[in-house]
Amino acid sequence: MSRLSPGKERVSGGPSGYEHPVAAAHPRTLRLATTTALLLLAACATTQERPSGPKVNDLTIQGTDQVGEGDIKERILTSETPWWGFWPFGGPRYFDANAWQADLRRIQRYYQAQGFYEAEVVSSEVKPQGPDEVALQVQVKEGEPTRIVEIHDSGLDALPAEFREEHRNRVLADLPLKKGDIFREAAWEETKTLIEGRLRELGYAEAEVGGEVQVELTRQEARVDLRIQPGVRYRFGNTFVATDANPQVPPRRIIEQVQGSLKKGDWYSETALAEAQARVFRMGVFGAVKVNRGAPDRESGTVPVVVDVREAPFRSVRLGGGVGVDAARQEVRVLGEWTHRNFRGGLRRFTVRGRLGYAFIPNILDRSKAGPIFEVTTEFEQPRFLFRDLRLQTSLTAERGLEQAYDYWGGKLKAGVIWQPHRSFSIFPSYNLEIYRLTGRVSADARVPPIVLGCEDAQEQCNQALSYLEVAFAWDRRDDPIEPREGYYLSLSVQKGGGPFFGKYTYVRLLPDMRYYRPLDNDRRLILAAKVRLGTLNPAGGGQSSIVTRFFSGGATAMRGFNGQRLSPMAALPRTENEPIVGDEENLVISQNEQWDTVPVGGNSYFESSLELRYQFTESIMVAAFYDSGLVGIENFGHSQAPKLFGPDHYHALGVGLRYLTVVGPIRLDIARRLDIGGGLPVSTPGYIYPDSGGCFGIGSSWSTNGPKTRGAAFAGAPDGQCALHLSIGEAF
């Protein structure tokens, strides 16, 4: 009988690393042409000196019935040249004889780790292919797996009598190792770590788990012996702070944040330590934070809490720039931000951020609309407003913008408080005042009032004032907000405009958002991501809504089957102004122009869903396949003529994507094709003629004066083409 004794391994308890700030991806997406995308990604690639061996064209491992061939290849050094080797970050793989001999031993060792102790490499071949290329072939014999016939645990009798049964059940519930399973070393290590972690969550700060596994090779049987030492059950003691020599942040403010997650006398818990660390880091003034336990005091049964912080500079300046390109808009911009994190003391935060750019609609060659754009925001935040977990936040914004349907000057005032009792949950009630000067002609006929702007009568320029109360709820349990791989995110925004808050429009606007992420393999390379968003805008008494409050979809972070904001009810405009218009009001046609421009004017109902499968090939490369759907309807969901999900207003698209992972999030290239399900987009202009076909990127599209005049006869999503390309930074959701 042979004996496998992994031994006793100590798993570190509590947060063992510092938290560091990570630069957030810019919220506006960057949409570039395919060639630009490839050049940008190529610039991120690194070069390597070519080894002296031949290139590996193919690597085949035969005889893998119960262990995946791909799993073996991931655990050896030698690899075959990938099919994407022509990419800058792909490249050929070369053969090294010494590494290959070590890999043959690694294959056998990996099989043993999976419970196949009789497995062996029967043969291996290196076959020349051409002057400087080889193909590798390995033949393995797996043998029978070793299964667990007995699991024995000892040591839990030392638990306190009043908690023994309860704690024992919680510690041993649903372990990775089960009787009858194939014995795998990874499951054995995971079991020990899991038991130790559960004990520490219950207050046993010094818990240790070890043991041994006896393997009978002739019978392929394994007997597992778990040896558990729970130790003393501790409570939290005093909190100590280690900081800079002359700190600007008083230690009592740090201790106050720690006490939001744990208090003296509470049972010890490593989750509480992690939450305390997140709370201190969220103060926003530390470059590094570590919250851990000190040396336990067995006599008193307490564990001190040690907080180690390093203050970051209280003033910072950030500068940047960007471009945006799609079929309907092109833009260049520069960005800047200045922040003071201890403005007039008390950790008050004062921020000035700005964006200055120049926009071309639809593009730089056809300057139907072009001009400067800007947005300047000042923001003030007062922490500990009235009590610890409440922050006061106010902001003032001035902006000038160009949209496809209109241009505007505007100003925004926002004042509210953020209550964050838990690191994952926040409530943000606020009062908002927005004032706009809108200009835009969005009708092909002067006799048709441009009500799509929300202006009264036949005005092409008007002032609008929105006054509303908003309450935003958020519950964020994602493991990483930039590149999430596990967890979920829930949010709800409720706006009430007009009425007692005055303003020009009285309405209620609801916008819930749900996202979910789940890894489908142990290595967290294959990720399933899902998103559902739903919105409705209900004007009081069935009246008019303003274009600045309506919903739009389409773009890199929305329904990717459309370009930016192009999933929307439309208004049509002639390409050339003052062209003669003939026909009656019910059947208007433009006699001298073969095609009309359309501009999105938004809708009062909104729905988006996305299902995406992401797979990480290498440390830097990830691919994705996705299904997106979206709807933006004229009427809200409470109206008798509301659009229906999976009806003619609900559009669908399939696509694929490529990601290059960076420290600020993935550089993402997505290509989507819209399915021909549903009708054309609603166009408010009477007599509008839809194109005959949309094609992809201008190829295959056609239009004629005898084309469809009704939505039902047009292809889905007309007049927009059926394909869209998006380049951006950050995941789609």
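In this text, all values refer to a predicted model and were calculated from it rather than measured experimentally. Numbering of residues starts from 1 in every chain and runs along the sequence as written. Local features in a predicted model are, by the rule used here, given only for residues with pLDDT of at least 70; side-chain atom pairs are given and counted only at 80 or more, and totals for whole chains, interfaces and linings are based on all residues. Hydrogens and water are ignored here; the side-chain numbers use all heavy atoms of the structure.

**Details of the pattern of salt bridges**
Note on definitions: salt bridges are taken to be side-chain nitrogens of Lys or Arg within 4 Å of carboxyl oxygens of Asp or Glu. Under the criterion given, the structure shown has 47 salt bridges. Measuring nitrogen to oxygen at the nearest pair gives 3.5 Å for the salt bridge that ties Glu166 to Arg170. Placement of the pair is Glu166 and Arg170 together in helix H4 (residues 164–172), with a separation of 4 residues, close to one helical turn. Note on Glu166: relative accessible area 43%, which makes it partly exposed. Each residue's exposure class comes from its accessible area (1.4 Å probe, protein chains only) as a fraction of the maximum for that residue type: buried when under 20%, exposed when over 50%, partly exposed otherwise. Here Arg170 falls in the partly exposed class, since its relative accessible area comes to 47%. Between Glu212 and Arg227 there is a salt bridge whose closest N-O contact spans 3.5 Å. Note that Glu212 is positioned in strand S6 (residues 208–216) and Arg227 in strand S7 (residues 221–229), a separation of 15 residues in sequence. With a relative accessible area of 12%, Glu212 lands in the buried category. Owing to a relative accessible area of 39%, Arg227 belongs among the partly exposed residues under this scheme. In this structure, a network of salt bridges that share partners links the residues Arg560, Glu612, Arg614, Asp628, Arg659, Arg668, Asp670 and Glu731. Only DSSP runs of H or I with at least four residues qualify as helices, and only runs of E with at least two residues qualify as strands; both kinds are numbered from the N terminus onward.

**Quick look at the confidence of the model for the protein chain**
Chain-level statistics for the protein chain give a pLDDT mean of 86 and a share of 86% at 70 or above. In this model, residues 443–451 is a region of pLDDT below 50 whose contacts with residues beyond four sequence positions or in other chains number 23 contacts. Values of pLDDT, which run from 0 to 100, indicate the predictor's confidence residue by residue. Residues are treated as being in contact if the distance between any of their heavy atoms lies within 4.5 Å. Segment residues 576–594 is flagged for pLDDT under 50; beyond a separation of four residues in sequence, or across chains, it makes 33 contacts in the model.

**Digging into the state of the cysteines**
The definition used for a disulfide is geometric: two cysteine sulfur atoms within 2.5 Å. Scanning the model with the defined rule gives 1 disulfide in all. With its sulfur 1.7 Å from that of its partner, Cys696 forms a disulfide with Cys723. Here Cys696, found in the loop between strand S29 (667–674) and strand S30 (723–729), pairs with Cys723, found in strand S30; they are 27 residues apart in sequence, far enough to count as distant.

**What to know about the nonpolar core**
Within this scheme, the nonpolar core is defined by two criteria: the residues are buried Ala, Val, Leu, Ile, Met, Phe, Trp, Tyr or Cys, and they are joined through side-chain atoms within 4.5 Å. Counting 35 residues, the largest nonpolar core has Leu567 and Tyr651 as its most contacted members. Elements with a contribution of two residues or more to this core: strand S17 (425–439), strand S18 (461–476), strand S20 (507–519), strand S22 (570–574), strand S25 (596–600) and strand S28 (651–660). With 4 residues, the top contributor of residues to this core is S22. The next biggest cluster of nonpolar side chains, apart from the first, holds 24 residues, and it includes Val258, Val289, Val305 and Val309.

**Describing the sheet that holds strand S2 (residues 55–62)**
Taken together, 3 strands build an open sheet; the order of strands is S2-S4-S3 and the sheet is mixed. Taken across any chain shown, the strands that pair with only one partner, and hence form the sheet edges, are S2 and strand S3 (120–128). Geometrically, the sheet is characterised by an average inter-axis angle of 15° between neighbouring strands, direction not taken into account. Paired strands are those between which DSSP finds at least two bridges. Sheet topology places S2 next to strand S4 (residues 133–141); 7 bridges connect them, and they run parallel. Its bridge partner being in S4, Thr60 is matched across the sheet by Gln137. Convention adopted: a line fitted to C-alpha atoms gives each axis, helices being fitted over their contacting stretch, and angles between N-to-C directions are expressed from 0 to 180 degrees. The strands touched by helix H3 (residues 97–113) within the sheet are S2, S3 and S4, with S3 carrying the most contacts at an inclination of about 150°.

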